[in-house]
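Topology and contacts: notes
Residue strings, one per chain:
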Amino acid sequence: LCFSALPALFKEELRDEEAKEGEAVTLHCELTKPAPVEWKKGHTALKPSEKYKMRQKDVTAELVIHSLTQSDA
């Protein structure tokens, strides 16, 4: 018996969010099955910090960006 597991896909993709400079914004995505999510800005992987908070539960992943600046667009 041989089978290959289907990859996790985006069930609900990211949507553009509007927020004011200095505020925080939360981005959400939903996957078709539980899988680790890596958040990136361009080619740079984001790491948890005072600015970036990442949460994941089952198939839902969330990124909170604090103290928004123009460069976060």
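Computed from a predicted structure; not experimentally measured. (Residues numbered from 1 in each chain as written. Predicted model: local features only at pLDDT ≥ 70, side-chain atom pairs only at ≥ 80, totals over all residues. Heavy atoms only, no water.)

**What about the pairing of strand S5 (residues 52–57)?**
Here six bridges tie S5 to strand S6 (residues 60–65), and the two strands are oriented antiparallel to one another. Within the sheet, the bridge partner assigned to Arg55 lies in S6 and is Glu62. Counting the residues that bridge the hairpin from S5 to S6 gives two residues, and of these Asp58 lies at a positive phi of roughly 55°. (Pairing = 2+ DSSP bridges. Helix = DSSP H or I, 4+ residues; strand = E, 2+ residues; numbered from the N terminus.)

**Structural notes on the UniProt feature "domain: Ig-like" (unreviewed entry) in the protein chain**
Per the UniProt annotation, the sites labelled "domain: Ig-like" (unreviewed entry) are residues 7–73. A distance of 29 Å separates the end C-alpha atoms of residues 7–73, which is 0% helix and 39% strand. (UniProt positions renumbered as here; feature names shortened; annotations may be inferred.)

**Description of the sheet that holds strand S1 (residues 10–12)**
An order of S1-S2-S6-S5 is seen for the four strands of this open sheet, with the pairing classed as antiparallel. Where the open sheet ends on each side, the last strands, each with one partner, are S1 and S5. Adjacent strand axes in the sheet meet at a mean angle of 30°, parallel and antiparallel pairs treated alike. (Axes fitted to C-alpha atoms, helices over the stretch in contact; angles between N-to-C directions.)

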